[in-house]
Amino acid sequence: MGNSTATRIVLAARPQGAPRPEDFRVETFQIPVPRNGQVLLRNHWLSLDPYMRGRMNAGRSYAAAVGIGEVMDGGTVSEVVQSLHPAWSPGDLVLAHAGWQTHAVVDGESLRRKLDPAGLPVQTALGVHGMPGFTAYAGLHEIGKPQHGETVVVAAASGPVGATVGQIAQLHGARAVGIAGGPDKVAHVRDDLGFDVALDHRADDFAEQLAAACPDGIDVYFENVGGKVFDAVLPLLNDFARVPVCGLVAHYNDTAPPSGPDRVPHLMATILTRHLTVRGFIQRDFIALYPEFVREMGQWLRDGRIRYREDVVDGLENAPTAFIGMLDGKNFGKLLVRLSA
Ligand SMILES: NC(=O)c1ccc[n+]([C@@H]2O[C@H](COP(=O)([O-])OP(=O)(O)OC[C@H]3O[C@@H](n4cnc5c(N)ncnc54)[C@H](OP(=O)(O)O)[C@@H]3O)[C@@H](O)[C@H]2O)c1
């Protein structure tokens, strides 16, 4: 294997605003030989996630930036080809973080978990049964805490985080209101995922529709997007409402603060007078819950109590375009790149 070549996608330039295809570069490279403690992986599935936009920026965030010329970061479902680590054997299918490339040599310690090819579809370990599903699970468990009869609102509701938030909320006896972009996604959220209500954030009267859909106000707003969805939600939040701040995808390509008056004093006054809990989190803050999540979500999926949709793109070379589109709502379900036929 040491003389074989593989393909990878590196960060070619830091985007200004929305990423462009030229910000990525496809390269071939010689596959390195694993050393003691390492494994050689062949990647079968690559996950594309909104957080990757943040990794393309320089500067401080909750995780280090990808350097220019470095392989783009990303979760993978991979097969162990060669192992110099006692825990892994050739042929094992594993959840890894091997990046936008067909092959990788990584430390055996870095592999997240072994996957059962006879169990759930292995690529669900990148979506509903992986990081995005865990984000929904942990954010609700630790911050949202939906109660029977409460109203839970979430946007990006056809994506892996939002879809899972609404369905878990319903398992807790809450009412789920999902927000998505366009009639097809709205129909999917309502009819296939079974949310109580689904609304299109692109509608001119979206704020009025949301108010009508939440006659008893909002008890949990699981914040995935920001922007005008948040503006419509804020006046509807009940006393003691909880707002897990998970993501702000409407703003990831922003290059400047929004124009208009400073709204921070109004926001802080609302937090104060309505006794709101607004808490940002990164899913791994709650990693102690992960084994429980894998077990419980696995059961829900096998029982058909949680449903999900995948949007599969074939071929590593198509990852940049798919990723750019996701930030604009062009994906419909968990966005995955299939790297092997
Ligand atoms: N905190 C954490 O640890 C953590 C972990 C995972 C994910 N996240 C965050 O969770 C959120 C959802 O992630 P995901 O993987 O499930 O993504 P996703 O839903 O598959 O993709 C992002 C979706 O955001 C929606 N969107 C984009 N611009 C929007 C706008 N201006 N207004 C409203 N919606 C907009 C689009 O859906 P529509 O077409 O329906 O609008 C798009 O499909 C993201 O913000 C992500 O960064 C956070």
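Residues numbered from 1 in each chain as written. Predicted model: local features only at pLDDT ≥ 70, side-chain atom pairs only at ≥ 80, totals over all residues. Heavy atoms only, no water.

Describing the packing of aromatic side chains
Within a pair of aromatic rings, the relevant descriptors are the distance that separates the centres and the angle that separates the planes.
So, step 1. The final tally for this structure, using the stated rule, is eleven aromatic pairs.
So, step 2. Where Phe24 meets Trp100, the ring centres are 5.5 Å apart and the plane angle is 5°; that geometry is what we call stacked. Taken together, the positions of Phe24 in strand β2 (residues 24–30) and Trp100 in the loop between β5 (93–96) and β6 (103–107) put the pair 76 residues apart, joining distant regions of the chain. The exposure classification of Phe24 matches that of Trp100, with both residues buried.
So, step 3. Centre to centre, the rings of Trp100 and Phe323 are 5.8 Å apart; their planes meet at 75°, and the pair counts as edge-to-face. Taken as a pair, Trp100 in the loop between β5 and β6 and Phe323 in helix α9 (residues 319–326) lie far apart in primary sequence, 223 residues in all. Across the pair, exposure class does not vary: Trp100 and Phe323 are buried alike.
So, step 4. Linked through ring pairs, Phe134, Tyr137, Tyr290, Phe293 and Trp300 together constitute an aromatic cluster.
So, step 5. The aromatic ring of Phe332 is capped on one face by Arg309, whose charged end is 3.5 Å from the ring centroid. (Phe/Tyr/Trp six-rings, centres within 6.5 Å; stacked < 30°, edge-to-face > 60°. Helix = DSSP H or I, 4+ residues; strand = E, 2+ residues; numbered from the N terminus. Buried < 20%, exposed > 50% of the residue type's maximum accessible area, 1.4 Å probe, protein only. Lys NZ or Arg CZ within 6 Å of the ring centre and 35° of its normal.)

Brief notes about the domain arrangement of the chain
Often, the extent of an interface is quoted as the loss of accessible area upon association of its parts.
So, step 1. The domain architecture assigned to the chain consists of domain 1 (5–127 + 308–338) and domain 2 (131–284).
So, step 2. The partner domain 2 presents 15 residues to the 20 residues of domain 1 that form the contact.
So, step 3. Both faces combined, the contact of domain 1 with domain 2 buries some 1,400 Å², and carbon together with sulfur accounts for 61% of it.
So, step 4. Viewed at the interface, domain 2 and domain 1 are joined by zero salt bridges. (Domains from an automatic or database assignment. Contact = heavy atoms within 4.5 Å. Buried area = accessible area lost by both parts, 1.4 Å probe. Salt bridge = Lys/Arg side-chain N within 4 Å of Asp/Glu carboxyl O.)

A closer look at the layout of surface pockets
A probe matching the size of a water molecule, rolled over the atoms, marks out where space remains unfilled.
So, step 1. Roughly 700 Å³ of internal volume is contained in the second largest pocket.
So, step 2. Of all the elements in the fold, those that place two or more residues in the lining of the second largest pocket are α6 (227–233), β12 (237–245), α7 (264–273) and β13 (277–280).
So, step 3. The leading source of residues in the lining of the second largest pocket is α7, at four residues.
So, step 4. Residue classes in the lining of the second largest pocket are distributed as 13 nonpolar, seven polar and five charged. (1 Å grid on protein atoms, 1.4 Å probe; cavity = no way out; pocket = protein on both sides within 12 Å on 5 of 7 lines; lining within 4 Å. Points joined across faces, edges and corners; volume = space filled by probe spheres on them. Nonpolar A, V, L, I, M, F, W, Y, C, P; charged D, E, K, R; others polar.)

Things to note about the site of the ligand
So, step 1. Taken together, 26 residues form the shell around the ligand, and within it Lys185, His201, Tyr252, Gln283 and Asn331 come nearest.
So, step 2. Val161 places a main-chain nitrogen or oxygen 3.0 Å from an oxygen atom of the ligand.
So, step 3. One of the backbone N or O atoms of Phe281 is found 2.9 Å from a nitrogen atom in the ligand.
So, step 4. In the complex, the protein chains occlude 91% of the 910 Å² of accessible area that the ligand would expose alone.
So, step 5. Those elements that place two or more of their residues in the shell around the ligand are α2 (131–144) and α3 (160–171).
So, step 6. For the shell around the ligand, the per-class residue count stands at 16 nonpolar, nine polar and one charged.
So, step 7. Each of two domains, domain 1 (5–127 + 308–338) and domain 2 (131–284), supplies a minimum of three residues to the shell around the ligand. (Near = heavy atom within 4 Å. Polar contact = N/O pair within 3.5 Å; in protein donor to acceptor, adjacent residues only side chain to side chain. Areas by Shrake-Rupley, 256 points an atom, 1.4 Å probe, with all protein chains shown as cover.)

Things to note about the pattern of salt bridges
So, step 1. Under the counting rule described, the total for this entry stands at twelve salt bridges.
So, step 2. Where Arg55 meets Asp73, a salt bridge forms, and the shortest distance between an N and an O atom there is 2.5 Å. Of this pair, Arg55 sits in helix α1 (residues 51–55) while Asp73 sits in the loop between α1 and β4 (76–83), and the two are 18 residues apart along the sequence.
So, step 3. Within this structure, Arg8, Arg25 and Glu27 form a network of salt bridges that share partners.

Here we look at the packing of α2 against α3
So, step 1. Orientation of α2 relative to α3, taken along the N-to-C sense of each, is 40°, at an axis distance of 8 Å. Judged on the interaxial angle alone, α3 and α2 are oblique. Like other packed secondary-structure pairs, α2 and α3 cross with a definite hand, here right-handed. Facing α2, whose interface residues are Pro132, Gly133, Thr135, Ala136, Tyr137 and Leu140, α3 presents Pro160, Val161, Thr164, Val165, Ile168 and Ala169.
So, step 2. Tallied by class, the residues present in the contact of α2 with α3 amount to nine nonpolar, three polar and no charged. (Axes fitted to C-alpha atoms, helices over the stretch in contact; angles between N-to-C directions. Parallel < 35°, antiparallel > 145°, perpendicular 65-115°, else oblique. Left-handed = near helix turned anticlockwise from the far one by under 90°.)

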